[in-house]
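Examining the three-dimensional arrangement
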Amino acid sequence: MTVPWVVLKYGGTSVATPERWAAIADRVAACATTHRVWLVVSAVSQVSNRLERALDEAVAGDASTSVAWLTERHEALADGLGLDAADRAPVRALLDELATLLRGVALTAEASPRLRARVLSFGELASTWLGLGALRRAGLDVTRVDARRLLRAEAGPATPDATRYLEARVPTRTAPDGPAAAAGAARVVITQGFIASTADGHTALLGRGGSDTSAALFAALLGADRCEIWTDVHGLFTTDPRLLPSARLLTRLRYREAEELAALGAKVLHPRCLGPVAQARVPLEVRNTADPQGPSTRIEADGDDEPAVLAVVHRQGVPLVSLHTLSMWGQPGYLSRLFGVFATHGISVDLVATSQAALTVTLDHVPGGLGGPAFQAALADLEALGTVTVRPACAVVSMVGRHIRTVLPRLGGSFAAFEERGVHLVSASSEDLNLSFVVDADDAPRLVRDLHAHLLGGGVQAPWLGPSWSELTTPTEAVPARPSPWWVARRDALLSLAADGPVWVQDLAVVRERARALVTALPQIGARFYAMKANDHPDVLRAVVDLGFGLECVSAAEVAHARATCGDAVPLLFTPNFCPVEEYAAAFAAGAEVVLDGPDVLHQAPATFRGRAVGLRLDPGGGQGHHAKVTTAGARTKFGHPIDDVDRVLDAARALDVRIVGLHAHVGSGILEPTAWSRTARTLAGLRARFPDLRWVDLGGGLGVVERPGQVALDLDAVAVALRGVEGLDGLELRIEPGRYLVSEGGVLLLPVTQVRDKGGVTFVGAAAGMDALLRPALYGAWHGIHNLSRWGEPPTIVAEVVGPICETGDVLGHDRVLPITAPGDVLLVENTGAYGHVMGSHYNRRGVVRQVTLG
Ligand code: ASP
Ligand code: MG
């Protein structure tokens, strides 16, 4: 009897360390006792991203630092795996070839999709060589097979190259040299995910995240008993756990449901991987490498069929195109002409809504992106048919379920979540599997949380609902355990402070610790200005000023407060936005350095500025050229002057003899991605030649802190490394303006509990202050950890809506929070509230502004 196959797929983080490879070897060995094992692996984590970046760098001139990084990454893993020179030889050959290819790209300054595919395939080609060595060393009978021999992509003559090489589709048909044949006699095969070949033998990719699809294709081709996708989470969840840690694991799903979830935003699986396994009826399991015995999601043909909402998911960065035309009314064939335009240019349309005079669609795959030739050509064709509006990056929020329309009556209350939010398009899937709403990007996270709280919150029971993400992650190593927060040790002091009612507490020791860490980690930064708008308590200002920080102010009142608190010596930077022009004069008078947001104030108050030295704040997001036709580019934000329009400022400055001595850009806030600042630095360095008087470059703030479980802290060392790679900054002083980073973690909000009440099956825990104290959840849907400080350490038992006393439906501090049994008089602690907490408080409902005290 022939031995059946099982397919195992391991993603990037699951192949990134020797320990993970040991776990893979264990799993393979266990499966190999009953099955033959077909092992599909991704590139080592971050490698595919780095290859993409290397390509961009090569196009811009030089990718050598990325090549060095890639070499180091693979060599280090090879060291950890104990591989010898012979094992490493093929990896080294690949890296040499990569370096050569990238030098070629640097010479020609272009990279075709075909070449991109070849470069990106190095990640998986290399990881499978390392894996082969590791598994052989573990004593397994394993052979390595090149997936490109077995997976042949299909494309038509009109398929654009970007699709043909980078988003290829492989039909589930046995290749002439089928996988079983390629395996020979070996019990175990290791092969690459993500890569396939075109009919004429070139490397093609299945799209980012495509290794899942490779595994599914092999499982289908082999008629495997099952396909296991090993990754860094337990499976698919009822929503994105990073938004809502109370998201529940979906333990069983049917193929179409899982496919819908994956397509609509659940990032765990590549959407195209469900098709092949469904066709071949191979069950697919998603499992957590870090918790191999833990629960999982199993996806198969049969399953529950009762009407239900399974999940609320969202996708970001979705382009929305609307076409308004009067000629559509009653015109046979008009829609087909419109859709024909997208088809001709290889653009795939996802959601659709029509009216008498308008068609609105979202796009789910645009070869070359919105700036690429395909989209620009399509736009030109559409403009011949009517007036086109493009919103380049909307969000689609979807409720996914079965028989979702029969669930509609239950949705009643959840529609309140849409109030005040523009919904650009609503769509109900024809299969009754989802209801989707296209909204502005910023509205999506909060909408998801609100809808999830209504539909899947409060501990609902169903056979397919497993443990919550927070329950699953607490005991495992998937998330590095956080060191116990500072406030645990100061619990008694905090509880006695809260005896007098709501209070903000800021621990200055934590503020100092953060400030010192920043100074040490980023030695190349010449000047640091604390963004005092985050928390302007006098003790906080003095604490950071004592450590050598200047202060960044955004109003004349902040300037005055800074001077009054910290004296005349502290350097001040005044970076307002749309402020009354008199405030500039006040800032100059107080000895602050002034940063302009555009040329207007120079015209408004020439006497204030004549002969002065100023900085200029730029908006690096705007003016990318290809956005010309796009109505809502990054240009919609009110900050900074467009980077491609500096002439206007330079002219206005020259006329007044104003010298621009500094350039400033601030990319956003809460950023955990370490290369954000080096990118800004590079952008600003590129403008240096235009500003002969330049002395400093300010990279803004935005340094993020960990807010939700599962987030990885900003790696300051990586920020420093990235900054070191930026050229063209010699002789300039580098500046940053951290706010949140310094004060967020040191601050907590303490709130006595007023009432605990069950209403309509939902538990509400009431706090003595709500959005009047902490506005962030209501304003941005921000997530703050909430703990019962009085009962710290007691087991989590209830799931509750934590609400304040303000007469607003939106007065919710946290949805769906897991707490111990809670009673009136207990003290709740809201974490991470030192930044943008007290300063945003209001006197709404005449409750008075909650006091703030400092410790240490
Ligand atoms: N390495 C590829 C990527 O990062 C494919 C995958 O891991 O699924 O997109
Ligand atoms: Mg993946």
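This one's a predicted model, so the numbers in the text were calculated from it and none came from an experiment.

Per the secondary structure count, the chain includes 29 helices and 35 strands. The C-alpha radius of gyration computed for the chain amounts to 29 Å, which stays within 12% of the reference 29 Å derived for 856 residues, consistent with globular compactness. Here the C-alpha coordinates of the chain stretch approximately 85 × 70 × 65 Å along the principal axes. Evaluated residue by residue, the chain yields a buried proportion of 56% over its 856 residues. Here the chain has roughly 34,600 Å² of accessible surface; of this, 53% comes from carbon and sulfur atoms. Placing the 80 positive and 92 negative side-chain charges of the chain at their respective mean positions leaves the two points 1 Å apart.

Turning to the site of ligand 1, a few remarks are in order. In the region of ligand 1, the neighbouring residues are Ser42, Ala43, Ser48, Glu124, Phe194, Arg208, Gly209, Gly210 and Ser211. At a separation of 2.6 Å, a nitrogen atom of ligand 1 approaches a polar side-chain atom of Glu124. If ligand 1 stood free it would expose 260 Å²; the protein chains cover 86% of that surface. Taken together, the residues that form the shell around ligand 1 break down as two nonpolar, five polar and two charged.

The next subject is the pairing of strand β12 (residues 308-324). Counting buried positions along β12 gives 14 out of 17 residues, so the element sits mostly inside the fold. Across 13 bridges, the pairing between β12 and strand β15 (residues 387-402) is antiparallel. Within the sheet, the bridge partner assigned to Val321 lies in β15 and is Val390. The pairing of β12 with strand β14 (residues 358-365) spans five bridges and is classified as antiparallel.

Another point: unusual backbone geometry. We note that His403 has phi near 50°; this positive angle belongs to a residue other than glycine. With respect to the secondary-structure elements, His403 resides in the loop between β15 and α14 (408-411). Even without glycine at this site, Asp657 takes up a positive phi of about 60°. Assignment of secondary structure puts Asp657 in the loop between α25 (646-655) and β26 (659-665).

Looking now at the sheet that holds strand β7 (residues 226-231). An order of β3-β4-β2-β1-β7-β10-β11-β9 is seen for the eight strands of this open sheet, with the pairing classed as mixed. Each end of this open sheet is capped by a strand with a single partner; those strands are β3 (142-145) and β9 (252-254). The mean inter-strand angle of the sheet, taken between neighbouring strand axes irrespective of direction, is 20°. Where strand β2 (residues 36-41) meets strand β4 (residues 188-192), five bridges bridge the pair, whose relative direction is parallel. Considered in β4, the bridge of Leu39 is made with Ile190.

This paragraph deals with the packing of aromatic side chains. For the structure shown, the criterion picks out seven aromatic pairs. Arranged with centres 5.0 Å apart and planes meeting at 40°, the rings of Trp38 and Phe218 form a pair that is tilted. Of this pair, Trp38 sits in strand β2 while Phe218 sits in helix α9 (residues 211-222), and the two are 180 residues apart along the sequence. Under the relative-accessibility criterion, Trp38 is labelled buried at 0%. With a relative accessible area of 0%, Phe218 lands in the buried category. When the centroid spacing of 5.7 Å and the interplanar angle of 80° are considered together, the rings of Phe574 and Tyr584 count as edge-to-face.

This part covers the nonpolar core. Counting 109 residues, the largest nonpolar core has Trp21, Trp38 and Leu269 as the members making the most contacts within it. Sorting elements by how many residues they give to this core places helix α4 (residues 85-108) first, with eight residues. The contacts of Trp38, once residues within four sequence positions are left out, are Trp5, Val6, Val7, Leu8, Leu150, Pro179, Ala183, Val189, Thr191, Phe218 and Leu222. Of all hydrophobic cores here, the second largest spans 78 residues; its members include Val594, Leu602, Ala665 and Leu703.

On to the side chain of Ser197, then. Relative to the elements of secondary structure, Ser197 occurs in strand β5 (residues 195-197). Classification of Ser197 as buried rests on a relative accessible area of 3%. A polar atom in the side chain of Ser197 sits 3.0 Å from the side chain of Arg152. When residues no more than four places from it in sequence are discounted, the contact partners of Ser197 are Arg148, Leu151, Arg152, Ala153, His202 and Ala204.

So, about α25. Buried within α25 we find Val646, Val649, Leu650, Ala652 and Ala653. Buried residues of α25, viewed axially, fall in a sector of 165°; they line one side. With respect to the buried face of α25, the exposed residues turned more than 90 degrees away are Arg654 and Ala655. Where the residues of α25 are buried, they touch α23 (600-604), β24 (613-619), β25 (641-642) and β26. Of the residues flanking the end of α25, it is Asp657, one or two places downstream, whose phi is positive at about 60°.

What follows deals with the pattern of salt bridges. In total, this model carries 41 salt bridges according to the counting rule given. Ionic pairing is found between Asp240 and Arg242, a salt bridge with its closest N-O pair at 3.2 Å. On the accessibility criterion, Arg242 (42% relative accessible area) is partly exposed. Two residues, Arg256 and Glu260, come together in a salt bridge whose shortest N-O distance is 3.1 Å.

It is worth spelling out the environment of Asp536 at this point. Positionally, Asp536 belongs in the loop between β20 (527-531) and α20 (538-546). According to the relative accessible area criterion, Asp536 is partly exposed, its value standing at 24%. For Asp536 and Arg776, which are 240 residues apart along the polypeptide, the C-alpha to C-alpha distance reads 17 Å.

Looking now at the environment of Ala592. Residue placement: Ala592 occurs in the loop between α22 (582-589) and β23 (593-596). Ala592 sits in the buried class, given a relative accessible area of 8%. Between the C-alpha atoms of Ala592 and Leu573, which are 19 residues apart in sequence, the distance is 5.4 Å.

Moving on to the sheet that holds strand β16 (residues 423-428). The six strands are arranged β13-β14-β12-β15-β17-β16 in an open sheet whose pairing can be described as antiparallel. Two strands bound the open sheet, and with one partner strand each, they are β13 (348-354) and β16. If you compare each strand with its neighbour and ignore which way they point, the axes differ by 30° on average. Of the strands in this sheet, β12, β15 and β17 (434-440) are in contact with helix α10 (residues 255-264), which crosses β12 at around 50°.

Before going further, it helps to spend a moment on the packing of helix α3 (residues 64-81) against α4. α4 packs onto α3 with a crossing angle of 175° between their chain directions and a minimal axis gap of 11 Å. Taken together, the axes of α3 and α4 are roughly antiparallel relative to one another. Here α3 contributes Val67, Leu70, Thr71, His74, Glu75, Ala78 and Asp79 to the contact with α4, which in turn contributes Arg88, Val91, Arg92, Leu95, Leu98, Ala99 and Leu102. Here the contact of α3 with α4 is composed, by residue class, of eight nonpolar, two polar and four charged.

Scoring rules and cut-offs
Residues numbered from 1 in each chain as written. Chains lettered and ligands numbered in written order. Predicted model: local features only at pLDDT ≥ 70, side-chain atom pairs only at ≥ 80, totals over all residues. Heavy atoms only, no water. Helix = DSSP H or I, 4+ residues; strand = E, 2+ residues; numbered from the N terminus. Rg over C-alpha atoms; globule rule 2.2 N^0.38 Å. Buried < 20%, exposed > 50% of the residue type's maximum accessible area, 1.4 Å probe, protein only. Areas by Shrake-Rupley, 256 points an atom, 1.4 Å probe, with all protein chains shown as cover. Lys, Arg positive; Asp, Glu negative; His and termini not counted. Charge placed at Lys NZ, Arg CZ, Asp CG, Glu CD. Near = heavy atom within 4 Å. Polar contact = N/O pair within 3.5 Å; in protein donor to acceptor, adjacent residues only side chain to side chain. Nonpolar A, V, L, I, M, F, W, Y, C, P; charged D, E, K, R; others polar. Pairing = 2+ DSSP bridges. Axes fitted to C-alpha atoms, helices over the stretch in contact; angles between N-to-C directions. Phe/Tyr/Trp six-rings, centres within 6.5 Å; stacked < 30°, edge-to-face > 60°. Core = buried A, V, L, I, M, F, W, Y, C linked by side-chain atoms within 4.5 Å. Contact = heavy atoms within 4.5 Å. Arc of directions from axis to C-beta. Salt bridge = Lys/Arg side-chain N within 4 Å of Asp/Glu carboxyl O. Parallel < 35°, antiparallel > 145°, perpendicular 65-115°, else oblique.

That's the geometry; what it means functionally is another story.
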